[in-house]
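Chain residues, written in single-letter form:
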Amino acid sequence: MVATTHDRDHSAPGSTKPEHSATPPVLSADFGPIQPLLDDPTVSEVMVNGPNCVYAERKGKLVKTDVRFRDNDHVREIIENIIRPLGRRVHAKAPMVDARLPDGSRVNAVIAPCAVDGPSITIRKFGKGKLTADDLVKFGSITQPVSEFLKACVVSRLNIVVSGGTGSGKTTLLNVLSSFIPEDERIVTIEDAAELKLDQEHVVRLESAKPDLDGTGAVEIRDLVRNSLRMRPERIVVGECRGGEALDMLQAMNTGHDGSLTTLHSNTPRDSISRIETMALMAGIDFPVKVIREQIASAVELIIQQTRLRDGSRKVTFITEVAGMEGDKVVLQDIFRYEEGHGLQPTGLRPVFMAKLEAAGFQIAPQMFMSTAAKPKGRW
């Protein structure tokens, strides 16, 4: 469906390099009763809601387990075992802690007085293998033509936002999109906890830092985004925008750093525009809303909506173009839309940015965007 005049390999999915393919370090902490869950390859997340209530996520669905702790003190003991080797502490004056385990897994713990029904632990496991675009096609998350289209969008340096809810697979999709970035481009990744697994060689990985015990030393995502602009990046990949860094990302996208990628929490493409507006306002600069919307319309070119469905499967449900402004409103048009039983289907609309793809050497067959059934236009 997509033909390209590019001859070099643009980091084909599945390619690996020795420096990124080593087996993750073995966890050395004592995880007590939840160790079997962490050893189970079918479990992707473990949630401890006090000593007598432990859930696990399997294939996108939460299931209650029969795992139990002796009491609250036992849960607290396991929390200490987990975070002590990481140089972190949790106590009544600082009852919440986030950390990254040696294998890349993320852990969050909350104790009293904030945790009312007993200490809480949430561990999102770090996948041992990297999913590729072919894997997403096999799982039914995207179709093969859409995979080729998204590769063309990334190589052509479109600014892309991946939108979705918690646990919908945003980071996995961002990782797949990042794999399409050509090998000869300098990439700076910015994350709260380093999860992206890029095979390219010219990658600088930055991670935010929590404050020390005296409250100093914190490094926020926004600090890293602003610093990355001084690092001669050809691509900036932000694991997730949550606050004022959204404004810095918009400004970067509008000042020559095209081809940037990020994710955010939102339930629909339209909601993601409102979410970006809100986060940009969190930067503390008193811009009129219309100015922020103009920044969004000129910076963001594509929104990919990722959704976890009721059956636990994770699908791309919308691929939506940011088509500009009409009055005070950002105009969106759906290029592909998920249909139950049929997967992602074209809406019949041809993207405005097609000229950019063609300039990059991609020839897109018109049939890719032809609607297979009469349906309302996706411009809204």
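What comes next concerns the included structure. (Residues numbered from 1 in each chain as written. Predicted model: local features only at pLDDT ≥ 70, side-chain atom pairs only at ≥ 80, totals over all residues. Heavy atoms only, no water.)

## Describing the pattern of salt bridges
Between side chains of opposite charge, a pair can form when the charged atoms approach closely.
And step 1. Under the criterion given, the structure shown has 22 salt bridges.
And step 2. Of the charged contacts, one joins Lys138 and Asp135 as a salt bridge, the two residues approaching to 3.9 Å between their closest N and O atoms. Here Asp135 and Lys138 lie together in helix H3 (residues 133–139), a separation of three residues that amounts to about one turn.
And step 3. When its relative accessible area of 62% is taken as the criterion, Lys138 is described as exposed.
And step 4. We classify Asp135 as buried; its relative accessible area is 18%.
And step 5. The structure contains a network of salt bridges with shared partners spanning Arg157, Glu185, Arg235 and Asp258. (Salt bridge = Lys/Arg side-chain N within 4 Å of Asp/Glu carboxyl O. Helix = DSSP H or I, 4+ residues; strand = E, 2+ residues; numbered from the N terminus. Buried < 20%, exposed > 50% of the residue type's maximum accessible area, 1.4 Å probe, protein only.)

## Considerations on the nonpolar core
And step 1. Membership of the largest hydrophobic core comes to 40 residues, with the highest contact counts inside it found for Phe149, Ile160, Leu177, Ile304, Ile319, Phe336 and Leu357.
And step 2. Sorting elements by how many residues they give to this core places helix H4 (residues 144–155) first, with seven residues.
And step 3. Those residues in contact with Leu177 that sit more than four places away from it in its chain are Leu150, Val154, Ile160, Val162, Leu261 and Ile304. (Core = buried A, V, L, I, M, F, W, Y, C linked by side-chain atoms within 4.5 Å. Contact = heavy atoms within 4.5 Å.)

## Re the sheet that holds strand S9 (residues 187–191)
And step 1. Read across the open sheet, the nine strands follow the order S10-S9-S11-S12-S8-S13-S14-S15-S16; overall the sheet is mixed. Taken across any chain shown, the strands that pair with only one partner, and hence form the sheet edges, are strand S10 (203–207) and strand S16 (343–346). On average, each strand axis in the sheet is tilted by 25° relative to the strand beside it, whichever way the strands run.
And step 2. Relative to strand S12 (residues 261–265), strand S8 (residues 160–164) runs parallel, the two sharing five bridges. Of the residues in S12, the one forming a bridge with Val162 is Thr263.
And step 3. In the packing of helix H6 (residues 221–228) onto the sheet, the strands contacted are S9, S10 and strand S11 (235–238), and the crossing angle to S9 comes to about 170°. (Pairing = 2+ DSSP bridges. Axes fitted to C-alpha atoms, helices over the stretch in contact; angles between N-to-C directions.)

## So, the pairing of strand S7 (residues 120–124)
And step 1. Strand direction decides the pairing type here: strand S2 (residues 43–49) and S7, joined by five bridges, are antiparallel. Bridge pairing in S7 places Asn49 opposite Ser120.
And step 2. Pairing of strand S6 (residues 106–110) with S7, which is carried by five bridges, proceeds in the antiparallel orientation. Of the residues in S7, the one forming a bridge with Ala109 is Ile121.

## Some details on the pairing of S6
And step 1. Pairing between strand S5 (residues 96–100) and S6: five bridges, direction antiparallel. The residue of S6 that forms the bridge with Asp98 is Asn108.
And step 2. If you look at the hairpin formed by S5 and S6, you'll find five residues sitting between the two strands, and Gly104 has a positive phi there, around 100°.

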